[in-house]
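What follows is each chain in one-letter form.
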Amino acid sequence: MSANKTHRKSAAMRGLETPPRSAQCPQRVVVLGGGIIGLSTAYYLAKRGHEVLCIEKESQVGMLASFKNGSFFDSTLYSSWADFSAVYRKQTHSTKSKKSAFRIEAAAWMDPAFWAWGLKFMKNSTSRRAKENGRKIRDLGFYSQRKLQELIRMHPELEEAMEQTAQGTLELFESTGERDEVMHSDRIFHCLENRIPLQPLEAGEAACLEPALNPKVLSPGAMYSSTGTNGDVHKTCVALWNLCRQQGVMFRFDTEITDILVVDNHVVAVQAQNGDLIEGDSFVLALGNNTPRVARLAGVKLPMYPVKGYVLSVPRNTESSAPPLQCNVYAGGNALVSPMRDNTMRISGGADFAGFNYKSDPKRVAWLFQQAKALFPDNYFDESKLESHVCLRPVSADDVPFIGQTMVENLYVNSGHGSKGWTLSFGSAALLADHISGRTPEINIEKFSPLRFGLFR
Ligand SMILES: Cc1cc2nc3c(=O)[nH]c(=O)nc-3n(C[C@H](O)[C@H](O)[C@H](O)COP(=O)(O)OP(=O)(O)OC[C@H]3O[C@@H](n4cnc5c(N)ncnc54)[C@H](O)[C@@H]3O)c2cc1C
């Protein structure tokens, strides 16, 4: 092939409008990244009739952010993390310990990328933007839930493979003040507008629904969402990999992309570490936390930052008189607890800004475990079997994912899903596949445009 010219900066901002698309179909599409987002994108592209090649640097699918997460699949809980009013609410309603859910480490303070991202994040944290962004995320989440249901109808084996276990989600409140504020929030109005069933519960009703919990934490009442479910994100990746292969998607593992060759604002090939050039008509960046680094090789800037979180797995103590957990339990974002098929519980939380740092901090593990323990009767967990895992959330500067075309005409992005990537994956992928195929997507893709930050936003 004759890609003899590399224009790294050729995609620099030239205006803020999405450039016109050439709706050529079918095409050869190269999807970079074999996490939950890349796999779902590859699947929907293949369904639309494209020839799809998925490239992954690891030796199998779903080994990074999509390896182990909080396992929640519930769009009703989601708001944008970029929200000053949420920080204010936490300070008003919470105990002292709640402040430590977020932590900024020295490495981040000294990291120019953190400052660049952080300033944009703050700009998006006004109540008006947070409300708009929360609605964008949930609209995508509701769509994603519909797409998953559709997928399960077509491939019933997927439901079993995902290991859905939780029978809804129970949202807890620290006080009646917090409960009342949440009940009147735009998140709840938005869910109701979309006919998502949400049920406010008195303490006694919540205790009947989820007898595993310590009755004390239910005293302000709770909120039940019957549509919430859970499962194992890695097993979902493996199931999607199988579905992709059935649709003819080709895979190349152990292949790290190290360069993008752009000629006249058009990607002609990507280059692997071993020097191989991989050609295609269109390219999708679904590289999780690595997306901004690789996008930059084509001159595309994406404000994203890795936010470290912890996932703990721990079984129930068989001597505990409290029954096994049935629902997901959402304790104000401080600790998310979810029952898994293997009789363990997943506990997730913590948002540490520390750059690309996968180091586990025992104090953070202990803090998170403490948050979860406070929700259950004494000795509910078998602490001797506690396992912890660290992962990084790819968070965009308004916490809304980047889905769509970049300034390089055949380079697309599907990334930046932060703490909600599994839940949003099916909708994001279907949306982008429709867009690339020249079809009108079911929801407005412009809201997720990778160009939306322009120069100042
Ligand atoms: C603590 C925690 C809890 C979470 N809980 C939930 C939850 O309860 N519910 C939910 O919906 N979401 C949750 N998430 C978020 C969710 O897990 C992520 O948003 C999602 O997994 C991101 O998927 P991805 O495909 O974008 O990234 P990844 O899974 O990281 O995939 C990117 C892939 O690209 C590959 N790659 C990177 N660079 C290259 C390269 N140069 N060349 C080739 N391949 C490359 C990587 O190896 C990787 O496989 C949580 C995240 C964390 C950290």
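Quick caveat: nothing in here was measured; it's all calculated off a predicted structure. (Residues numbered from 1 in each chain as written. Predicted model: local features only at pLDDT ≥ 70, side-chain atom pairs only at ≥ 80, totals over all residues. Heavy atoms only, no water.)

### Details of helix α10 (residues 233-246)
Thinking step 1. The end-to-end C-alpha distance of α10 is 20 Å, a good match for the 20 Å that 14 residues give at a rise of 1.5 Å each.
Thinking step 2. Residues Val233, His234, Thr236, Cys237, Ala239, Leu240, Leu243 and Cys244 constitute the buried set of α10.
Thinking step 3. A distance of 2.9 Å separates the backbone nitrogen of His234 from a side-chain oxygen at the start of α10, and that oxygen is part of Asp232.
Thinking step 4. Following α10 by one or two positions, Gly248 has its phi on the positive side, about 90 degrees. (Helix = DSSP H or I, 4+ residues; strand = E, 2+ residues; numbered from the N terminus. Expected span 1.5 Å × (residues − 1). Buried < 20%, exposed > 50% of the residue type's maximum accessible area, 1.4 Å probe, protein only. Polar contact = N/O pair within 3.5 Å; in protein donor to acceptor, adjacent residues only side chain to side chain.)

### Quick notes on helix α12 (residues 362-373)
Thinking step 1. Between its first and last C-alpha, α12 extends 16 Å over twelve residues, near the 16 Å set by a 1.5 Å rise per residue.
Thinking step 2. Restricting attention to buried positions, one finds in α12 the residues Arg364, Val365, Trp367, Leu368, Phe369, Gln371 and Ala372.
Thinking step 3. Residues of α12 that are buried sit in contact with β4 (102-104), β14 (304-315), β16 (335-339), β17 (344-353) and β18 (387-396).
Thinking step 4. Of the residues that open α12, the one with a side-chain oxygen 2.8 Å from the backbone nitrogen of Lys363 is Asp361. (Contact = heavy atoms within 4.5 Å.)

### Notes on the site of the ligand
Thinking step 1. Neighbouring the ligand are 36 residues, the closest being Glu56, Ser66, Phe72, Cys391 and Thr423.
Thinking step 2. A distance of 2.8 Å separates a nitrogen atom of the ligand from a polar backbone atom of Phe72.
Thinking step 3. Contact distances for the ligand include 2.9 Å between a nitrogen atom and a backbone N or O atom of Ile257.
Thinking step 4. Considered on its own, the ligand offers 1,000 Å² of accessible surface; in the complex 98% of this is hidden by protein.
Thinking step 5. Looking at the shell around the ligand, the elements that each hand over two or more residues are α1 (36-47), β14, β18 and α13 (421-436). (Near = heavy atom within 4 Å. Areas by Shrake-Rupley, 256 points an atom, 1.4 Å probe, with all protein chains shown as cover.)

### With respect to the nonpolar core
Thinking step 1. Tyr44, Leu45, Leu140, Leu158, Val249, Val284 and Leu431 are the most contacted members of the largest nonpolar core, which has 52 residues in total.
Thinking step 2. Looking at this core, the elements that each hand over two or more residues are β1 (28-32), α1, β2 (51-55), β3 (72-73), α5 (127-154), α6 (157-162), α10 and α13.
Thinking step 3. With nine residues, the top contributor of residues to this core is α13.
Thinking step 4. Setting aside residues up to four positions removed in sequence, Val249 forms contacts with Ala42, Ala46, Val52, Cys54 and Cys244. (Core = buried A, V, L, I, M, F, W, Y, C linked by side-chain atoms within 4.5 Å.)

### Section: the UniProt feature "transmembrane region" (unreviewed entry) in the chain
Thinking step 1. As recorded in UniProt, the sites labelled "transmembrane region" (unreviewed entry) are residues 29-46.
Thinking step 2. Along residues 29-46, the helical share is 61% and the strand share 22%, with 9 Å between the first and last C-alpha atoms. (UniProt positions renumbered as here; feature names shortened; annotations may be inferred.)

### Here's the deal with the pattern of salt bridges
Thinking step 1. One pass over the full model with this rule turns up 25 salt bridges.
Thinking step 2. Measuring nitrogen to oxygen at the nearest pair gives 3.4 Å for the salt bridge that ties Asp139 to Lys447. Here the residue Asp139 occupies a position in helix α5, and Lys447 occupies one in the segment after α13, the gap between them amounting to 308 residues.
Thinking step 3. Assessed through its relative accessible area of 21%, Asp139 is described here as partly exposed.
Thinking step 4. Relative accessible area serves as the criterion here: at 25%, Lys447 is assigned to the partly exposed category.
Thinking step 5. We note a salt bridge from Arg346 to Asp232, for which the minimum N-O separation is 3.4 Å. Linking Arg346 in strand β17 with Asp232 in the loop between β8 (229-230) and α10, this pair joins segments that are 114 residues apart in sequence. (Salt bridge = Lys/Arg side-chain N within 4 Å of Asp/Glu carboxyl O.)

### A look at the packing of α5 against helix α8 (residues 186-193)
When two helices pack together, their arrangement is given by the angle between their axes and by how far apart the axes lie.
Thinking step 1. One way to put it is that α5 packs onto α8 with a least axis distance of 10 Å and a crossing angle of 35 degrees. Crossing of α5 over α8 shows right-handed handedness. Here Lys131, Arg135, Arg138, Asp139 and Phe142 of α5 lie close against α8, whose contacting residues are Asp186, Arg187, His190, Cys191 and Glu193. (Axes fitted to C-alpha atoms, helices over the stretch in contact; angles between N-to-C directions. Left-handed = near helix turned anticlockwise from the far one by under 90°.)

### Describing the sheet that holds strand β19 (residues 402-405)
Thinking step 1. The mixed open sheet is built from six strands, whose spatial order is β9-β2-β1-β13-β20-β19. At either margin of the open sheet sits one strand with a lone partner, and together these are β9 (250-252) and β19. The sheet shows a mean angle of 20 degrees between the axes of neighbouring strands, taken without regard to direction.
Thinking step 2. Of the pairings in the sheet, the one linking β2 to β9 comprises three bridges and is parallel in character. For Leu53, the partnering residue across the bridge sits in β9 and is Met250.
Thinking step 3. Where α13 meets the sheet, its contacts fall on β13 (282-285), β19 and β20 (411-415), and the angle it forms with β20 comes to roughly 170 degrees. (Pairing = 2+ DSSP bridges.)

### Considerations on the pairing of β16
Thinking step 1. β16 sits mainly inside the fold: five of its five residues count as buried.
Thinking step 2. Taking every second residue as pointing to the same face, both faces of β16 are buried, with Ala335, Val337 and Pro339 on one and Leu336 and Ser338 on the other.
Thinking step 3. Summarising the sheet, strand β15 (residues 328-331) and β16 pair through three bridges and their orientation is antiparallel. Across the sheet, residue Val329 finds its bridge partner in β16, namely Val337.

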